[in-house]
Amino acid sequence: MRKLQAQGVHHITLTGADRQTSIDFWEGVLGMPFVFDQPNLDDPDEGHLYFDPGDGRLITVFTNEARKPVHNRTPTDPGCVHHLAFNVSRATFSQVAERLTERGIGHSGPKDRGFMDSIYFKDPLGLLIELACYRFEPPRGCSHADVMIEAHRIRVERGDYNIQEVHLADAIERLVARTQQTLSSDRGS
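Here the structure is a predicted model, which is why all the values come from computation and not from measurement.

Glancing now at the packing of helix α3 (residues 144-158) against helix α4 (residues 165-179). At a minimum axis distance of 8 Å, the contact between α3 and α4 shows a crossing angle of 115°. For the pair α3 and α4, the sense of crossing is right-handed. Along its contact with α3, which presents Asp146, Val147, Met148, Glu150, Ala151, Ile154, Arg155, Glu157 and Arg158, the element α4 presents Val166, His167, Leu168, Asp170, Ala171, Ile172, Arg174, Leu175 and Arg178. For the contact of α3 with α4, the residue count by class is nine nonpolar, one polar and eight charged.

Looking now at the sheet that holds strand β4 (residues 58-63). Within the open sheet, the four strands sit side by side as β1-β4-β3-β2. Their pairing is mixed. At either end of the open sheet lies a strand with only one pairing partner, and these are β1 (11-15) and β2 (34-40). Within this sheet the neighbouring strands show an average axis-to-axis angle of 20°, counted without direction.

A separate point is the packing of aromatic side chains. A complete count under the given rule lists seven aromatic pairs for this structure. Geometrically, the ring pair formed by phenylalanine 36 and tyrosine 50 is stacked, given 3.9 Å between the ring centres and 15° between the ring planes. Taken together, the positions of phenylalanine 36 in strand β2 and tyrosine 50 in strand β3 (residues 43-51) put the pair 14 residues apart, joining distant regions of the chain. With a relative accessible area of 35%, phenylalanine 36 lands in the partly exposed category. For tyrosine 50, a relative accessible area of 11% translates into the label buried. A ring pair is formed by phenylalanine 115 and tyrosine 134, whose centres lie 6.5 Å apart and whose planes are at 35°; its orientation type is tilted. With a gap of 19 residues between them, phenylalanine 115 in the loop between β6 (111-112) and β7 (116-122) and tyrosine 134 in strand β8 (residues 128-134) connect regions that are remote in the sequence. Through a chain of ring-to-ring contacts, the aromatic side chains of Phe25, Trp26, Phe86 and Phe121 assemble into a single cluster.

In the structure shown here, the tally under the stated rule is twelve salt bridges. The closest approach of N and O atoms between glutamate 46 and arginine 67, which form a salt bridge, is 2.7 Å. Placement of glutamate 46 in strand β3 and of arginine 67 in the loop between β4 and β5 (83-87) is noted, with a sequence separation of 21 residues between them. Looking at glutamate 46, the relative accessible area reads 11%, which means it is buried. According to the relative accessible area criterion, arginine 67 is partly exposed, its value standing at 24%. When salt bridges that share partners are traced, they join Arg90, Asp112, Asp117, Arg135 and Glu165 into one network.

The rules behind these values
- Residues numbered from 1 in each chain as written.
- Predicted model: local features only at pLDDT ≥ 70, side-chain atom pairs only at ≥ 80, totals over all residues.
- Heavy atoms only, no water.
- Axes fitted to C-alpha atoms, helices over the stretch in contact; angles between N-to-C directions.
- Helix = DSSP H or I, 4+ residues; strand = E, 2+ residues; numbered from the N terminus.
- Left-handed = near helix turned anticlockwise from the far one by under 90°.
- Contact = heavy atoms within 4.5 Å.
- Nonpolar A, V, L, I, M, F, W, Y, C, P; charged D, E, K, R; others polar.
- Pairing = 2+ DSSP bridges.
- Phe/Tyr/Trp six-rings, centres within 6.5 Å; stacked < 30°, edge-to-face > 60°.
- Buried < 20%, exposed > 50% of the residue type's maximum accessible area, 1.4 Å probe, protein only.
- Salt bridge = Lys/Arg side-chain N within 4 Å of Asp/Glu carboxyl O.

Treat this as a map of the structure, not an account of what it does.
Structure below.
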């Protein structure tokens, strides 16, 4: 059977509470520009807000003025969304804990994930949000996924528990050796 080949995330739609709660969080806290809104074309009682998460794609939120924010954790049953993760720069990541604390938003503090650093907190409706910062830049012509696949292979070859910075560095070296041309006969010196 032939695949239905995905080429990236088009958008993610969340069920929100009232309009202002969504704007205050997605644009006010996370800095995602509020791009446009229109009615939910499947439910005339709901609004449909569109935010740019920074890559030109979309996070959208269905809103209804009768719904109020809930501060409990969203369900994590099978089939439910556990969390959403957004990329931030190293400069921003170094400020996340302080800025969340200034706003009175509880958070996990920085977490070492080997190939990235993360911090977790909840949106006003209880959805877990992760802000993540890669510990590497992929070489020219390669994606973060290219580096991660190669780092995984190296980690497995070595029998290591999880991907660490040494795996990333070695993966980048392998990718550069495969994709970059050189006149040198011995790249290893």
